[in-house]
Structures are given as C-alpha cells and as structure tokens.
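# Inside the fold
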Amino acid sequence: MIAVVLGDQLDLDSPVLQACSAVVMVEAAEESRRIHSHKARTALFFSAMRHFAQSLRERGYAVHYRHLEQGHEGSLVDQIMSMVDQLPKAGLRMLEPGDWSIEQAIKKACQAQNRPVEFVEDPHALCSRKDFARFAQKRSQLRMEYFYREMRQRHRILMHANGEPLGGQWNFDVENRKSFGVGGPKAVVASLRFAPDTTTKAVMAAIESHLPELPGSCEAFDWPVNRSQALQALAHFVDQLLPQFGPFQDAMWSGEPFLWHSLLASAINLRLLHPMEVIKAACSAYEHNPERYPLATVEGFVRQILGWRAFMQGLYWLNMPAMSRANYFGHQAPLPSWFWSGHCQMNCLKQTLLQTFDHAYAHHIQRLMVVGNFALLAGLEPKAVADWFHAVYVDAIDWVHLPNVMVMALHAMGPGISSKPYIASGQYIARMSNYCKQCAYRPALREGDRACPFTVFYWDFLKRNQALLEKNPRMFHAIRQLKVMDTATLSKNAQQAQRYRDTIDSL
Ligand SMILES: Cc1cc2nc3c(=O)[nH]c(=O)nc-3n(C[C@H](O)[C@H](O)[C@H](O)COP(=O)(O)OP(=O)(O)OC[C@H]3O[C@@H](n4cnc5c(N)ncnc54)[C@H](O)[C@@H]3O)c2cc1C
Ligand code: SF4
C-alpha cells in the first residue's frame, strides 16, 4: 500500500503509515491559488509538511515528496496521481480528507486508473461521521448543546461517576461573557511563539518567488510547525493563559489580537495535537488545582473543542456538498474591496482585518460578531464570504471554516441547523470592545453620516427578513422591537441602508 498524506494529516501515529511501502506528499501551488490562501497559511502547511516528512525519513519511511520550488503545475490530486504512477503498482491508503471535494477527486482519479483506494477513519475525530449521522437521525433539529452533552458523557469529560456533570450544570456560558470595562485587559500573558527555523525560512522564500500574488505576509510568522513545538505551546497555554481564558473569551480590545486565546487551532487541525490531549490537559489542570483553574473556565474551553469543533465537523460531513451552496437569505452582494486590505472606516472591522492580514488570525468573536455579522447584515454572498475565510486564517480547512461560515455566521442553511442568526447591532460591539471609541461612526446612531453601518444594517436586515424570522421563537424580542418602530423610522432606516449598500466600498 502507498500512504498518501495531506497537509492537514501530520500525525506520526497515523494508521495509514502502518506497513506502507511508500509515503507520498505534495506541495501543490494550485491549492494556494484556488482559494487565494494567505502567505502565512501556505507557509504553515508547507513547513509543517516538510518537518513531518523529515520525521518520517528518520523513522525509515520511503518518502516521495514534491516541493513547491520544483515548479510542478496541476491540481493536488493530479499531482498525487502522477507521483503514484511512478511507483511500483499498489493501492492507495489515506486518512479521510478534511475536504469533501478532494475526497471526491481522489475517488474519481483512482476509479479512472482502476487503482484501489482505502479511506481510513479519522482517529482525531472526536465523533466519527457515522456516529454523527446516528446522532442527527434521531432529531428534527440539530443543536450543539445536546450533542455536547452526549460527547461529555461518551468521553467522560468533566463528569461525575453517576453521569451528572461536574458542578451540577453543563454550561457556564453566563460566567464566560465578560467585557473589560473602561480599564481594558490587565496582565495579558503572551502565548508561546516560535521564530521561523531554516525549514520555514526556505518555505517563505519559495512562496515569495512562486506565489508572490498571495495575500497577507509572513513577516510575523511564528506558528508551531511540528509536534514538539505544538506540545510546548499547549503546555504554555495551560500553565499561563487558561486561568484567564474563560471570563473574557468573547471580549475584544484594540491592539490586543490574541488576549488569552490558545492559538492552538492550527496545530490541532494539522494533527500536530490530538484534540483529546488538549481537552485532557485542561481537565487535568482543573483536577490538580481547581482554585487556579475555575470549573467555568475549563468547561468553557472544553466546550469549544468537544462541543463546537466536533459539532462543526459532524455538520460538514452530513451536509456536503449542499453546505457549500447554501444561501437561505438569497444574498448576492460581492465582498467590499476593503475585505482584502483592511482599510475601511469601521474601526471594529479595520482592527480585525488588519490583524488578520498581519497574523492570519482573529479570535472567535472577531470572526463571528465582527466579520461574519457584517457579512450577514450587509447581504454578502455566502460562497464569497466562505472563500474569504478559507483564504485568510491560518487554521482554515474546508471541514471547519465552511460550517462555521455557512451555519454559524451566515445562517445560510436556515433554522433546521442553527437555532437563530448570530446578528447584533453596533451596540453589542460597543459593549464587548473599545473599538467604537476610536471609530468614525457611532454605535447607537441609525441616521446621518455617523450612523453605525452595523446598526443601520441590523434593523434593515430584520425588516427585510421579518417573514422568515418571526417564526423563530429565539428572534421574538428582536422582532418585537422592530414591530414597535413607526413607519417613518423604518423607511428612513431602509433608505440609509440602501445608501450604505451603494457606497459599501467607502464605508
Ligand atoms: C466565521 C468563522 C470561521 C471560522 N473558521 C475557522 C477555521 O477555519 N478553522 C478553525 O479551526 N476554526 C474556525 N473558526 C472557529 C474559531 O473561531 C477558531 O477555532 C478560533 O478562533 C481559533 O483560535 P484559537 O485557537 O485561539 O481558539 P480558542 O479561542 O483558544 O479556542 C480553543 C479551541 O477551540 C476550538 N474551537 C472553538 N470554536 C470552534 C468552532 N466554532 N469550530 C471549530 N473549532 C472551534 C479550536 O480548536 C480552538 O483552538 C471559525 C469561526 C467562525 C465564526
Ligand atoms: S461604531 Fe459601528 S462600525 Fe464603528 S466600531 Fe462600533 S460597531 Fe464598528
């Protein structure tokens, strides 16, 4: 068997490596062009792949590796098949890919060559595709909260022996939504970062010469690129940052791109870390020192990985390929030009986008309630928004960015899958950050030159979609507020929203 290893399958214990005759790995330039991937994201993938290939060689595997500098063209799958063709005839074995279209393309190519291919179940998935399908079959509506409770029970995480959750409740969200107040964040500890080594530097140089057109920059590149660095980053996070992670996980502050977030998503997604080892590291800290690691904080962190991450993975495989075309609200607007530069007048978006281009990173609430919220309220086309998210974040992989964008941020698959659209006016951003204090607009204003586009679009979105939204009990309060607005106010708001849509590139 020939083992094919993709850039997000860098697990030295992967079952596909067992008794394989050769390992094939390809750096395909087209993968980065197809989704116009941020330079740092591309550098992370290729550098981590080169480190992984080197570890395999040291373990005696016959690694056949195609570097970007070799200048091969063609899709990832075409290049894999052409390399496999040069090896003694054998079937292929690989982990389930993290991208539906790549899985389809491999199946098709193997069929055309009459070559057997075996997809091995992903040992890093906390809920397999089959188990998620079984969970979904039992329900008319899918809700993360119920999935998460089942996962806590199945994996026995933060549970009493009698099946009750530790602390007597499943969810400590209320304690985990604090903002900083006027004083701002105090004593933020930096996460552990890694200066580019010679391998990463070589990859960065190759990207500059072969893929100069890609967005973003590698200047601030400091991501863990191998398992040893990923383990150090995890230990540092648990030791230094986790105690503060919980209360402020939704808060935002100018000039503080990372706060107490773990920055571990890319290492987990590339399989440098197993999601369960990350969960267990957090739980073990709580067990040994509950005073330093409050249960609310640890549960808040566990929920992100055992709950949201695994739920997103399940949703993706259950709903592909329909998810990639979803557009519940029928939105068609193209992305404003400043999505690719960050230079706009809205300070919340400017801060989020500029840090995105510098670091290929923004934290969850910046992605959801700033970029995603704007995209939904302004009526941007979901596929274009999803491609943008795929391009710019270092941790983006199809199975994880797509459900986050389509289901969570844009409600593009409708109410069957997400309980309500995550929308908010500028007042939410004002409460959770200091962005509005340095902005050209005012979060409370709906009229005039300084009216906040989020606030204007928020009321306009509710009005435009009232018929769809008023059936949803979780939208009751918002729709009730809309209903008490008089016709003149609504009409002025609609005109202001139209003016903003017409001039969206200069907002
Ligand atoms: C529109 C949108 C797009 C997103 N795109 C991606 C993406 O491409 N890749 C990605 O890994 N995450 C994505 N997320 C989820 C989340 O924003 C990132 O995982 C997180 O910001 C990564 O930073 P961190 O490692 O510091 O996370 P932390 O805030 O420290 O959270 C801890 C871990 O929880 C996991 N996690 C938390 N929320 C989610 C979630 N909703 N889905 C999956 N994992 C989650 C991640 O593994 C993360 O490392 C997206 C969220 C939104 C709203
Ligand atoms: S006023 Fe509106 S546009 Fe400006 S930072 Fe606040 S929410 Fe963003």
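Each value, and the rule that gives it
- Residues numbered from 1 in each chain as written.
- Chains lettered and ligands numbered in written order.
- Predicted model: local features only at pLDDT ≥ 70, side-chain atom pairs only at ≥ 80, totals over all residues.
- Near = placed C-beta within 6 Å.
- Helix = DSSP H or I, 4+ residues; strand = E, 2+ residues; numbered from the N terminus.
- Core = buried A, V, L, I, M, F, W, Y, C linked by C-beta atoms within 7 Å.
- Buried ≥ 20, exposed ≤ 12 C-beta atoms within 10 Å, placed from the backbone.
- Contact = placed C-beta atoms within 7 Å.
- Domains from an automatic or database assignment.
- Nonpolar A, V, L, I, M, F, W, Y, C, P; charged D, E, K, R; others polar.
- Pairing = 2+ DSSP bridges.
- Axes fitted to C-alpha atoms, helices over the stretch in contact; angles between N-to-C directions.
- Parallel < 35°, antiparallel > 145°, perpendicular 65-115°, else oblique.
- Left-handed = near helix turned anticlockwise from the far one by under 90°.
- Expected span 1.5 Å × (residues − 1).

### A short note on the site of ligand 2
Every one of the 15 residues lining ligand 2 counts as a neighbour, but Cys-348, Gly-426, Cys-436, Cys-439 and Cys-452 are closest to it. Listed by contribution, the elements that provide at least two residues to the shell around ligand 2 are helix H13 (347–359), helix H17 (426–432) and helix H18 (453–464). Considering every element that reaches the shell around ligand 2, the biggest residue donor is H17, with three residues.

### Here's the deal with the nonpolar core
Counting 154 residues, the largest nonpolar core has Leu-264, Ala-282 and Ile-429 as the members making the most contacts within it. Every residue in contact with Ala-282, bar those within four places of it in the chain, is listed here: Val-238, Leu-242, Val-298, Phe-301 and Val-302.

### Observations concerning the domain arrangement of the protein chain
Domain parsing of the protein chain yields domain 1 (2–120), domain 2 (129–319) and domain 3 (337–506). One C-alpha centre belongs to domain 1, the other to domain 2, and the line joining them spans 27 Å. Tallying the contact residues gives 22 residues for domain 1 and 23 residues for domain 2. Of all the elements in the fold, those that place two or more residues in the side of domain 1 that touches domain 2 are helix H1 (29–34) and helix H2 (39–58). Of the residues forming the side of domain 1 that touches domain 2, the biggest block, 10 residues, is contributed by H2. When its residues are assigned to classes, the side of domain 1 that touches domain 2 shows nine nonpolar, eight polar and five charged.

### Re the sheet that holds strand S2 (residues 22–26)
One open sheet holds the five strands; their spatial order is S3-S2-S1-S4-S5, and the pairing between them is parallel. Edge positions in the sheet fall to strand S3 (63–66) and strand S5 (117–120), since each has one partner strand and no second. Across this sheet, the average inter-strand angle for adjacent strands is 25°, counted without regard to direction. The pairing of strand S4 (residues 92–95) with S5 spans four bridges and is parallel. When the sheet's bridge partners are listed, Met-94 is paired in S5 with Phe-119. Along the sheet face, H2 touches S2 and S3 and points at about 160° away from the line of S3.

### Some details on the packing of helix H6 (residues 144–155) against helix H11 (residues 295–319)
The interhelical angle for the contact between H6 and H11, taken along N-to-C directions, is 120°, at an axis separation of 9 Å. As judged from the angle between their axes, H6 and H11 are oblique. The two elements H6 and H11 cross, and the hand of that crossing is right-handed. Taking contact as the criterion, the partners of Met-144, Phe-147, Tyr-148, Met-151, Arg-152 and His-155 in H6 are, on H11, Arg-303, Leu-306, Gly-307, Trp-308, Ala-310 and Phe-311. Among the residues forming the contact of H6 with H11, the class breakdown is eight nonpolar, two polar and two charged.

### Brief notes about the pairing of S2
On a regular strand, one side chain projects to one face of the sheet and the next to the other, so that they alternate. Most of S2 sits out of view: four of its five residues are buried. As judged from the three bridges shared by strand S1 (residues 2–4) and S2, these two strands associate in the parallel manner. Its bridge partner being in S2, Ile-2 is matched across the sheet by Ala-22. For S2 and S3, the ladder comprises four bridges, and the chain directions are parallel. Residue pairing in the sheet places Val-26 in a bridge with Arg-66 of S3.

### Some remarks on the site of ligand 1
In the vicinity of ligand 1, 27 residues are found, and the nearest of them are His-261, Ser-262, Ala-265, Gln-304 and His-401. Listed by contribution, the elements that provide at least two residues to the shell around ligand 1 are helix H9 (265–269), H11, helix H14 (364–377) and helix H16 (398–409). Per-element accounting of the shell around ligand 1 gives the leading share, six residues, to H16. Shared between two domains, the shell around ligand 1 takes at least three residues from each, and those domains are domain 2 (129–319) and domain 3 (337–506).

### A few points about H18
For H18, which comprises 12 residues, the first-to-last C-alpha distance of 16 Å matches the rise-based estimate of 16 Å (1.5 Å per residue) to within 8%. Counted residue by residue, H18 has 10 buried out of 12 residues, so it is predominantly covered. Where H18 is concerned, the buried positions are Pro-453, Phe-454, Thr-455, Val-456, Phe-457, Tyr-458, Trp-459, Asp-460, Phe-461 and Leu-462. Buried residues along H18 sit against H14, H17, helix H19 (466–469), helix H20 (476–483) and helix H21 (487–502).

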